[in-house]
Amino acid sequence: MRVLDGGLVTTVQDTGRHGHYHIGMPPSGAMDQFAHRVANWLVGNDETDATLEMTYMGADIEFQADAVFAVTGADMQPALEDEPVPTWTAVRAEAGDTLSFEFATEGARTYLAVGGGIDIEPVMGSRSTYTLIGIGGHEGRSLEAGDELPIGEPSTHAEAMVGATIEEADRPDYARAEIDVVMGLCDYRLTDDGRERFLDADWKVSDEADRVGYRFEGPDITDMFEAREQPFGAGSDVTNVVDLGYPVGSIQMAGQPIVLMRDAVTGGGYTTVGTVVSPDRGALSQCRTHSTVTFNAVPVEDALDSRHERDATLERIRDALAERHA
Amino acid sequence: MTDGTIARQELPDPRYEYGGDDWVFVELAEAMSFDANFKAQAITQQIRRTDLEGLVEVAPSNASYLIQFDPGVLHPDELIEELRSLEDEIDVSEYQWEARVFDIPVLYDDPWTRETLMEFRERHQDPESTDLEYSARINGFDSVEAFIDHHAGAPHLVTMIGFVPGLPFCFQMVPREEQIEVPKYEQPRTATPSRAIGFGGAFTAIYPVPGAGGYQLYGRTPVEVLDVDQELSAFEESMVLPNPGDILNFRRIDREEYDAIREEVEAGTYQYTLERVDFEPQQFFEDPRGYNERLMEVLY
């Protein structure tokens, strides 16, 4: 597969690089795991195979061999040889065909899976690109015109997948504006009134919203904090704590709220006040710059329920697709 | 004031917190202390040794720790129960580990971090001073020289690796009343040179790669703490140099030595000065000065 135009930011991603948090290594991996996994299953891959993640403006790709591919996630109006192709559907391409994308009309990230997966040597167990230190994916960076990506051997049933599609009802709604959060971590630093104002506010996704973190604009946060004599080692600002680990999905209060995403820093000295529940991290990654979200506090049992529901949906989709080649 | 020992800290009951549906964060204390850190190290090592299914990430931090798990396999409350019972078993003074002691040469007040910090004066508490001048003054030192002598005068324990891969947070191995404390920048910088030595709260950090940062800047080391391609021999096992529990000794060097070491590092031939020791907290608590001296004798 050859890259004719890298688009805005296109990287190789998979389910992530886990188990290295203690050396400061974030998991990386596809921001919208739902779309990534479904794209893989549509072309007969395992969910752990690598896909391309495209942000806002997709890439132009030339297939150098016959292939089965699927496009999921945000709608970037894919076209094969200038003919529109359906999204969330397995499609056949022939050697020499060009697949192109436009600006996303809804959502922010689009996934392209190819039968056989993008076959790059894994680094520490993952093909995910982590650009900060330049590891994984294609040379540890976003794709550029001229890059060539090797494709693995497609599974025997990739061909049988052509035409497989995901029902409208099972495709995520990328226009949602409410993000579920389990409050906690260090939210004892907020006053009761501060916590309420945090949850009541409309938060606008700022220009600084990427794989590292989503920064929000809204009301002043410093007066949401309880005054205190700072504990030894924390530093003097009211939002400072003794440097600690940040969960992926946690909301750090650094001047403004920042939700930490899959390439985030793994720790630091800002107060974290809650964590976006795992299924909603993908939803948040599809929120566009200048859109508005609210944070909805849920108990941990509700967070577990929504994760199990999401997992059950994924399982049902996977099994239904597998029936095609059973 | 000081009787030359390190006062043991009584830790509060840990706070167990849910990080969404798939993380548990445990705060052992709000304030930094050796007791809190040793406990974080001991528990995270213990939990790794259990056969508890569903653990994804186990990461100790300064006075807390963080665990990611698969809630399809392990309920967070079940994990918290396990952590509580592990915690009851742990006695920090009996806990020992093999540590590596590293020589970390530092060019204090180097031209690169100086240029960076001058660029970001408007984000600083005291735009009229350098970070070294400001830190020396608020910690009651007469001069920058005396402040540097203090920072390089006793080794530092690596209490956490994080922020970015390979960045060590280091806590100086001296009694509380001798420890330096400084605020972070009022607004984080958007740039920091790689290998910069920074200080924030009570921690020294070494920035492995260029990027944002909020710590006060004191100098730059010619040696790497992250080697992605694992070309230097000290990185044979891992792309990251220090581990939590290791000991770093910041040794003041001049520009000539900096350039000479840098040349060797870039050629891939640099050999780190390091030794392995069995670190014994109880002995360290009783006589930190004597213990540190013995560590330095092993190293040099």
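Our structure's up above, just so we're on the same page.
From a predicted model like this one, the values you see are computed outputs, not experimental measurements. (Residues numbered from 1 in each chain as written. Chains lettered and ligands numbered in written order. Predicted model: local features only at pLDDT ≥ 70, side-chain atom pairs only at ≥ 80, totals over all residues. Heavy atoms only, no water.)

Bringing the overall build of chain A into the picture now. The helix and strand inventory of chain A stands at 5 helices and 19 strands. The C-alpha atoms of chain A give 20 Å as radius of gyration, which agrees with the globular expectation for 326 residues (20 Å, within 12%). Based on the C-alpha atoms only, the size of chain A along its principal axes is roughly 65 × 40 × 30 Å. Here the analysis covers contacts within chain A between residues at least 6 apart in sequence; of these, 74% occur between residues at least 24 apart. When the accessible surface of chain A is totalled, it reaches about 12000 Å², and 46% of it is carbon and sulfur. (Helix = DSSP H or I, 4+ residues; strand = E, 2+ residues; numbered from the N terminus. Rg over C-alpha atoms; globule rule 2.2 N^0.38 Å. Contact = heavy atoms within 4.5 Å. Areas by Shrake-Rupley, 256 points an atom, 1.4 Å probe, with all protein chains shown as cover.)

Below, the discussion takes up the environment of P281 of chain B. Residue and element names in this part refer to chain B. Among the structural elements, P281 can be located in helix α7 (residues 281-286). For the pair formed by P281 and D3, sequence separation is 278 residues and the distance between their alpha carbons is 17 Å. Excluding its chain neighbours within four sequence positions, the residues that come into contact with P281 are F38, V92, Y95, Q96 and W97.

Moving on: the pairing of strand β19 (residues 292-297) of chain A. All names here are of chain A. With 4 bridges joining them, strand β11 (residues 178-183) and β19 adopt parallel strand pairing. Bridge pairing in β19 links I179 to F295. Alignment of strand β12 (residues 203-209) against β19, held across 2 bridges, turns out to be antiparallel. By the bridge assignment, K204 is partnered in β19 with T292. (Pairing = 2+ DSSP bridges.)

Another aspect to go through is the pattern of salt bridges. With the rule as written, the count across this model stands at 43 salt bridges over all chains. Where D109 of chain B meets R114 of chain B, a salt bridge forms, and the shortest distance between an N and an O atom there is 3.1 Å. R251 of chain B serves as the salt-bridge partner of E257 of chain B, at 3.1 Å between the closest nitrogen and oxygen. Assessed through its relative accessible area of 29%, E257 of chain B is described here as partly exposed. By relative accessible area, which is 26% here, R251 of chain B ends up partly exposed. Members of the salt-bridge network, linked through shared partners, are E53, R109, R211 and D263 of chain A. (Salt bridge = Lys/Arg side-chain N within 4 Å of Asp/Glu carboxyl O. Buried < 20%, exposed > 50% of the residue type's maximum accessible area, 1.4 Å probe, protein only.)

What holds strands together in a sheet is hydrogen bonding between their backbones, with the strands either parallel or antiparallel. Residue and element names in this part refer to chain A. Pairing is antiparallel across the open sheet formed by 5 strands, whose spatial order is β1-β4-β9-β6-β7. Taken across any chain shown, the strands that pair with only one partner, and hence form the sheet edges, are β1 (2-5) and β7 (83-84). Where strand β4 (residues 60-62) lies against strand β9 (residues 98-100), 2 bridges are found, and the strand directions are antiparallel. Note that in β9 the partner of I61 across the bridge is L99.

A word on the nonpolar core. Residues F34, L83, F250 and F279 of chain B are the most contacted members of the largest nonpolar core, which totals 116 residues. Apart from the residues within four sequence positions on either side, F279 of chain B is in contact with F38, Q96, W97, A99, M173, I247, F284 and Y291 of chain B. Counting residues in each nonpolar core, the second largest holds 46 residues, with W88, M183, W203 and I317 of chain A among its members. (Core = buried A, V, L, I, M, F, W, Y, C linked by side-chain atoms within 4.5 Å.)

All names here are of chain B. On the secondary structure map, I247 appears in strand β11 (residues 247-252). Measuring from C-alpha to C-alpha, the distance between I247 and V158 comes to 5.9 Å, with 89 residues separating the pair along the chain. Every residue in contact with I247, bar those within four places of it in the chain, is listed here: A99, R100, V101, F102, P155, H156, L157, M173, F279 and L295.

Contacts between chain A and chain B engage 53 residues on the former and 56 residues on the latter. The junction of chain A with chain B conceals about 4100 Å² of combined surface from both sides, 62% of it contributed by carbon and sulfur atoms. Among the residues of chain A in contact with chain B, H22, F232 and D243 of chain A are the three that bury the most area, contributing 18% of the side total. Here chain A is connected to chain B by 5 salt bridges. Viewed at the interface, chain B and chain A are joined by 19 residue pairs in polar contact (both at pLDDT 80 or more). For the side of chain A that touches chain B, the elements supplying multiple residues, two or more each, are β14 (240-245), β17 (267-270), α4 (278-285) and α5 (300-323) of chain A. (Buried area = accessible area lost by both parts, 1.4 Å probe. Polar contact = N/O pair within 3.5 Å; in protein donor to acceptor, adjacent residues only side chain to side chain.)

The next point concerns the sheet that holds strand β1 (residues 15-19) of chain B. Residue and element names in this part refer to chain B. A sheet is described by the order of its strands in space; here 4 strands give the open sequence β1-β2-β4-β3, paired in antiparallel fashion. One side of each edge strand has no neighbouring strand; the edge strands of this open sheet are β1 and β3 (55-60). Pairwise comparison of adjacent strand axes, ignoring direction, gives a mean angle of 15° for this sheet. Relative to strand β4 (residues 64-69), strand β2 (residues 23-27) is paired through 5 bridges, and the arrangement is antiparallel. Bridge pairing links E27 to S64 in β4. Against the sheet, helix α2 (residues 76-89) contacts β1, β2, β3 and β4, and its axis sits at roughly 155° relative to β1. (Axes fitted to C-alpha atoms, helices over the stretch in contact; angles between N-to-C directions.)

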